[in-house]
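Breakdown of the fold
The residues making up each chain are set out below.
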Amino acid sequence: MRRADRLFQLVHLIRGRRLSTADFLAQRLEVSPRTVYRDVAALQGQGVPIEGEAGVGYRMRAGFDLPPLMFTKDEAQALVAAVRLAQGQLDSGLARQAENAMLKILGVLPSAERAAAESLALFAPLTGLSPEMRERLALLREATESRQVLQLDYLDLSEARSQRRVRPLACLFWGQVWTLAVWCELREDFRSFRVDRIQALQVLDERFRDEPGKTLADMRRATALEQG
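Residues numbered from 1 in each chain as written. Predicted model: local features only at pLDDT ≥ 70, side-chain atom pairs only at ≥ 80, totals over all residues. Heavy atoms only, no water.

**Some details on the sheet that holds strand β4 (residues 161–173)**
Heads up, the condition is: Two strands make a pair as long as DSSP finds a minimum of two bridges between them. Strands here are runs of E lasting at least two residues and helices are runs of H or I lasting at least four, both read from the DSSP assignment and numbered beginning at the N terminus. Angles shown run from 0 to 180 degrees and are taken between the N-to-C directions of axes, each axis being a line fitted to C-alpha atoms and, for helices, limited to the stretch in contact.
One open sheet holds the 5 strands; their spatial order is β6-β5-β4-β3-β7, and the pairing between them is antiparallel. If you trace the sheet from one side to the other, it starts and ends with β6 (189–194) and β7 (198–207), each paired once. Pairwise comparison of adjacent strand axes, ignoring direction, gives a mean angle of 45° for this sheet. Pairing analysis gives 6 bridges linking strand β3 (residues 148–155) to β4, with the strands arranged antiparallel. Bridge pairing in β4 places Tyr154 opposite Ser162.

Here's what the structure looks like:
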């Protein structure tokens, strides 16, 4: 990576996080922490408002803007690949917005980079999800974002049926199936339900707030402990 490109990437990394240590930045940029120290000092000398120090971490002072971002050919191709692979597994709303975002980005690229990205010989079928599954995923995503309680009628793999009131936390894709991560009010614990085995779904008017021990971060920590 050219030094100019590395400095540009360094600014993006620091700007995108509340606090970034030199070790974290060095790993992302594939350089030594000493190089990060030198690069940060160079940016500060050029007037970039980076606050912090070695051994503590760095952050960007509020209000700093970068010039318009330009993608390399490889980055543009990676973007097209990601959108094409994802579209078949997203609900229709997100798939459409992903396409719109990609077109906006490609539209401002130089002609050579745009042609290389659009001619990428990598495709994925758009028939991954049925219309019913796309609609259900959209409902689950919207309920998760708006923090609305769900009433589920669920049929598990042993064909046992149950009704659950749950707090939706995240939709997770496992390459073959989507699951819904929730806080289950019946079990008073975290649960995951296969979206394709939800028999009926009702989005309630009731909204929930994050509570200690019942958040997605708590669920991830609990899962990490179990795996450890």
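Don't stop here, the text continues.
**Brief notes about the side chain of Asp218**
Threshold: Residue exposure (1.4 Å probe, protein chains only): buried if accessible area is under 20% of the type maximum, exposed if over 50%, otherwise partly exposed. Pairs of N or O atoms within 3.5 Å make up the polar contacts considered here, provided that, within protein, one atom can donate a hydrogen while the other can accept it, and that residues adjacent in sequence are counted only when both atoms are side-chain atoms. We call two residues in contact whenever any of their non-hydrogen atoms come within 4.5 Å of each other.
Along the chain, the position of Asp218 falls in helix α8 (residues 216–227). A relative accessible area of 15% places Asp218 in the buried class. At 2.8 Å, the side chain of Asp218 forms a polar contact with the side chain of Thr215. Once you skip the residues sitting within four places of it in the chain, Asp218 turns out to touch Phe190, Glu211, Pro212 and Gly213.

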